[in-house]
Amino acid sequence: MASIKIENVTKTFVDDKRGGTFTAVNDATFEIKDKEFLVFVGPSGCGKTTSLRMIAGLERQTSGNIYIGDKVVNNMHPKDRDIAMVFQDYALYPHMTIEQNLAFGLKNMKTSKEEIKEKIEYASKILGLDELLDRKPKELSGGQRQRVAVGRAIVRNPKVFLFDEPLSNLDAKLRVQMRIELAELHQRLGATIVYVTHDQVEAMTLGERIVVMNKGEIQQIASPRDLYRNPANMFVAGFIGSPPMNFFDAILESENKLRVGELTFTIPEALVKQYKGYVGKNVVLGLRPEDIYDEEFAFTVPTDNKANIKVKAIEHLGGENLVYFTMGERMITAKVSGESFIRPLEEKSFVFNLDKMHLFDRETELRIF
Ligand code: ATP
């Protein structure tokens, strides 16, 4: 069993410059299931790497417990935790061949020569490295080097793989390819994988569940679909999804009327009962760019909530267009059909599909529904 349990784990660092302490991870509690692909995502400095390093044993938590399987590993040395970590910079030995790089960790574990050979054959076949074993790291492409780093983890056959931004040094195209390879690898190895990235697209495509962090706090743990559909708060709503969700400052005027600046939107009947008690209060309406339509192309959605709006700018992406306009202080993005013909500074009728609306408390920023 390679489940992992994090129980009330806090990590504080002593801040030498300013004095006092800095909390990098605050009271985190959650479980990673056996064979799960779990991704940590969040902006720079939110505590993702620190979380991973505590699981690896490279960093000691200030308080709380970490379990791997059913064992508390608080005092266990990293090499005894039966985990393998793949770093952002791959950490390959430049003077060694690929084969020697793959064998290095095994030799230290006193594995027999035959077994080392077998394991290297197995890993290099899975990763397509068989032809490259005699080369040195500098003779490989970025993607190939990345595969060697993964290979070094595979040959050790660990219970848990930890990945820290392994794709961030690759160009965009190669990243997509390696993403697919990593997902396949997870299926094939049936191992528990914990993966850190700041890239929400990578998190959404790889993770079975995602831990969204901000400023040392876990914001939400959920499947990609759930994060997208039911974000717990405005941070998650704004972080997951590209382009990000639009936010409109609004007031719930009555049970089914939402005022946004000069506009009054009608809230669909089916949603009304979910926010009783909020009438008269300041709220934030959340609407994803794909839920705002050029009226001429709003064939499949109700068109009762619409407004004439002056377009500020437009980006043509081929299959779709991104249209930018302002409402109040906020910049709004609509992702409309690529067929839609809109010019900058033109006034156009846009449809707001409130069937897909999210509503947040403006003070707490928590989701109302
Ligand atoms: P990034 O995506 O930039 O790598 P991250 O989410 O992985 O960010 P961490 O590396 O976990 O962030 O760092 C979390 C916070 O803890 C940061 O503010 C960082 O400056 C701080 N921190 C990390 N290591 C130390 C350390 N050894 N001493 C002091 N502060 C540290």
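All figures in this text were calculated on a predicted structure; none of them were measured in a lab.

1. Topic: the overall build of the protein
Argument step 1. From N to C terminus, the protein includes eight helices and 21 strands.
Argument step 2. Taken over the C-alpha atoms alone, the protein extends approximately 75 × 45 × 40 Å along its principal axes.
Argument step 3. When each of the 369 residues of the protein is scored for burial, the buried share is 36%.
Argument step 4. A separation of at least 24 residues holds for 67% of the contacts in the protein among residues at least 6 apart in sequence.

2. Focus on the UniProt feature "domain: ABC transporter" (unreviewed entry) in the protein
Argument step 1. Look at the UniProt record and you will see "domain: ABC transporter" (unreviewed entry) annotated at residues 4–240.
Argument step 2. Helix makes up 36% of residues 4–240 and strand 27%, whereas the separation of the span's terminal C-alpha atoms amounts to 25 Å.

3. Notes on the packing of helix H3 (residues 113–127) against helix H4 (residues 142–154)
Argument step 1. One can describe the packing of H3 onto H4 by two numbers: an axis separation of 9 Å at closest approach and a directional angle of 140°. Taken together, the axis directions place H3 and H4 in an arrangement best described as oblique. Note on packing geometry: the crossing formed by H3 with H4 is right-handed. For the pair formed by H3 and H4, the contact residues are Ala-123, Ser-124, Ile-126 and Leu-127 on the first element and Arg-147, Val-150, Gly-151 and Ile-154 on the second.
Argument step 2. For the contact of H3 with H4, the per-class residue count stands at five nonpolar, two polar and one charged.

Analysis parameters
Residues numbered from 1 in each chain as written. Predicted model: local features only at pLDDT ≥ 70, side-chain atom pairs only at ≥ 80, totals over all residues. Helix = DSSP H or I, 4+ residues; strand = E, 2+ residues; numbered from the N terminus. Buried ≥ 20, exposed ≤ 12 C-beta atoms within 10 Å, placed from the backbone. Contact = placed C-beta atoms within 7 Å. UniProt positions renumbered as here; feature names shortened; annotations may be inferred. Axes fitted to C-alpha atoms, helices over the stretch in contact; angles between N-to-C directions. Parallel < 35°, antiparallel > 145°, perpendicular 65-115°, else oblique. Left-handed = near helix turned anticlockwise from the far one by under 90°. Nonpolar A, V, L, I, M, F, W, Y, C, P; charged D, E, K, R; others polar.

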